[in-house]
Amino acid sequence: MSGERLIRLESGGQIAFEDYGDPTGAPVIFCHGWPSSRTMAQLTNDAARDLCIHIISPDRPGISGSSFQPNRRLLEWPPIVAQLADHLGLAEFRMLAISGGAPYAYSAAWAMPERVRAIAIVSGAPPIADLADHSGLLRLYRWMLKLRRTSPELLRILFHGARPFAARRIPIRFRPLILKFLHPYDAAVLRDNAAFEACFESARRAWRGSVEGIMIDAQVYAEPWGFRLEDVNVPVRLWHGKQDRAFSFRLTKEIEKRLPNCEARYINGAGHYSLPIRHMREILADLIVA
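Residues numbered from 1 in each chain as written. Predicted model: local features only at pLDDT ≥ 70, side-chain atom pairs only at ≥ 80, totals over all residues. Heavy atoms only, no water.

Participant: Explain the side chain of Arg 175 to me, please; I cannot follow it from the model alone.
Facilitator: Among the structural elements, Arg 175 can be located in helix H6 (residues 175-179). Arg 175 gets classed as buried once you look at its relative accessible area, which sits at 8%. Here the side chain of Arg 175 touches Glu 197 through a polar contact of 2.5 Å, side chain to side chain. Sequence-distant contacts of Arg 175, that is, excluding residues within four places in its chain, are made with Arg 169, Ile 170, Asn 193, Phe 196 and Glu 197. (Helix = DSSP H or I, 4+ residues; strand = E, 2+ residues; numbered from the N terminus. Buried < 20%, exposed > 50% of the residue type's maximum accessible area, 1.4 Å probe, protein only. Polar contact = N/O pair within 3.5 Å; in protein donor to acceptor, adjacent residues only side chain to side chain. Contact = heavy atoms within 4.5 Å.)

Structural data, given as structure tokens:
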């Protein structure tokens, strides 16, 4: 782990990123979840080091150490990835996305098939704007989507009201209460202190950085992505837990049908968090040969 590094964007502002794994290894650009930030890639560090993989993990605009970018759209992300890769001297690379990082990996693969060799999507968010039925989404996400349509100002107030709590470190004595809201498979792995901190400290960093950044990041998921999954031609590895409560694995099965070059791994006994935590070595080993 390298600590924060910065690049200046051609359009202005900066992107913060960190390195994990083996700095001399095969490059993989990591796309963090939501609400989260670049340090979520700590989940990859040990496996990446052992497999000689270099993980490059940037904060998205408005998240943690990266400059806020008002009204940004998903398709503004691939040029940022290209600038990051140019800065690091990477002609080609792979990408790994967890949860809410999925649209960002798909967009880069669609926009830069000559540079993105393959992507792995783990517990990935679907294109919500394409869904006729939201029943496969976490109840909280369904509630947020409804408020976005009916009471957007109330939703903004709730985001700002949540910040003082979400940006604060959760005392150890309260963690069992938090874990009660998760699927038992996820709660079991998050009882490990290192895993808990990798997931929740990355979220706290995001909340401390900018509420507006988190809100715009959320807005991206509800809008059309600007391209078709059918036009993502690079190799895609889909990993999804059959017990995922955030995004039902049946949604991922629909995504699998739309991708022209896809291999899917549906894991029984795995939830939204437990899949990347318990299977990271397999995920990275599979990605690097794709």
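Participant: Please explain the pattern of salt bridges as it appears in this structure.
Facilitator: As a working rule, side chains carrying opposite charge can pair if their charged atoms are close by. Going through the model one piece at a time under the given rule, you end up with 26 salt bridges. In this structure, Glu 263 and Arg 237 form a salt bridge, with 3.7 Å as the shortest nitrogen-oxygen distance. Residue Glu 263 is located in strand E8 (residues 262-267), and its partner Arg 237 is located in strand E7 (residues 236-241); the two are separated by 26 residues in the primary sequence. Classification of Glu 263 by relative accessible area gives partly exposed; the value is 37%. A single salt-bridge network, built from bridges that share partners, covers Arg 169, Arg 175, Glu 197, Glu 201, Arg 204, Arg 205 and Arg 208. (Salt bridge = Lys/Arg side-chain N within 4 Å of Asp/Glu carboxyl O.)

Participant: How do you make sense of the environment of Pro 126 when you look at a structure like this?
Facilitator: Within the secondary structure layout, Pro 126 lies in the loop between strand E6 (116-122) and helix H4 (139-150). Sequence-distant contacts of Pro 126, that is, excluding residues within four places in its chain, are made with Leu 131, Leu 137, Trp 225, Phe 247, Leu 251 and Ile 255.

Participant: Even after reading the chapter, I still don't get the packing of helix H5 (residues 152-166) against helix H8 (residues 193-209), so can you show me in this structure?
Facilitator: Packed helices, taken two at a time, are described by their axes: the angle between them and the distance between them. The geometry of H5 relative to H8 is characterised by a closest axis approach of 9 Å and an angle of 130° between their N-to-C directions. By the angle class used here, H5 and H8 are oblique. In terms of crossing hand, the pair formed by H5 and H8 is left-handed. Residue-level inspection shows Phe 159, Ala 162, Arg 163 and Ala 166 of H5 in contact with H8, the latter providing Arg 204, Trp 207, Arg 208 and Gly 209. Of the residues contributing to the contact of H5 with H8, the split by class is four nonpolar, one polar and three charged. (Axes fitted to C-alpha atoms, helices over the stretch in contact; angles between N-to-C directions. Parallel < 35°, antiparallel > 145°, perpendicular 65-115°, else oblique. Left-handed = near helix turned anticlockwise from the far one by under 90°. Nonpolar A, V, L, I, M, F, W, Y, C, P; charged D, E, K, R; others polar.)

Participant: Honestly, the pairing of strand E2 (residues 14-21) in this entry has me stumped. Any pointers?
Facilitator: Walk down a regular strand and you will see the side chains alternate between the two sheet faces. Of all the eight residues making up E2, eight are buried; the element is thus mostly covered by neighbouring parts of the structure. Of the strand pairs in this sheet, strand E1 (residues 5-8) and E2 are connected by four bridges, and their pairing is antiparallel. Its bridge partner lying in E2, Arg 8 is registered against Gln 14. Count of turn residues in the E1/E2 antiparallel hairpin: five residues, of which Gly 12 carries a positive phi of about 105°. Bridging between E2 and strand E4 (residues 53-58) involves five bridges; their strand directions are antiparallel. Bridge pairing links Phe 17 to Pro 58 in E4. (Pairing = 2+ DSSP bridges.)

Participant: Please explain unusual backbone geometry as it appears in this structure.
Facilitator: Negative phi is the rule for most residues except glycine; trans is the rule for most peptide bonds. With omega at -15°, the peptide bond leading from Trp 34 into Pro 35 counts as cis. Position of Pro 35 relative to the elements: it lies in the loop between strand E3 (26-31) and helix H1 (45-50). The backbone phi angle of Ser 99 is positive, close to 55°, even though this residue is not glycine. Structurally, Ser 99 can be placed in the loop between strand E5 (93-98) and helix H3 (102-111).

Participant: Looking at this structure, how should I read the side chain of Ser 107?
Facilitator: Following the sequence through the fold, Ser 107 ends up in helix H3. Look past the residues within four positions of Ser 107 in its chain and what remains in contact with it is Leu 74, Leu 75, Trp 77, Pro 78 and Phe 227.

Participant: Could you clarify how one ought to interpret the nonpolar core in this entry?
Facilitator: A general tendency of soluble globular proteins is for nonpolar side chains to be buried together. In this structure, Met 95 and Tyr 106 are the most contacted members of the largest nonpolar core, which totals 62 residues. Here this core takes seven residues from helix H9 (residues 211-222), the largest share from any one element. Leaving out residues up to four positions away in the same chain, Met 95 has contacts with Val 28, Ile 29, Cys 31, Val 81, Tyr 104, Ala 105, Ala 108, Val 116, Ala 118, Ile 119, Ala 120 and Leu 287. (Core = buried A, V, L, I, M, F, W, Y, C linked by side-chain atoms within 4.5 Å.)

Participant: Which parts of the structure should I look at to understand the sheet that holds E6?
Facilitator: Hydrogen bonds along the backbone pair up the strands of a sheet, which may run parallel or antiparallel. Pairing within the open sheet is mixed, and its eight strands lie in the order E1-E2-E4-E3-E5-E6-E7-E8. Whereas interior strands pair on both sides, the edge strands pair on one side only; in this sheet they are E1 and E8. Direction aside, the axes of adjacent strands within the sheet are offset by 25° on average. Pairing geometry for E6 and E7, over four bridges, is parallel. What sits directly across from Ala 120, in E7, is Arg 237. Packing against the sheet, helix H2 (residues 77-87) makes contact with E1, E2, E3, E4 and E5, and its axis sits at approximately 115° to E1.

These figures come from the coordinates and say nothing about function on their own.
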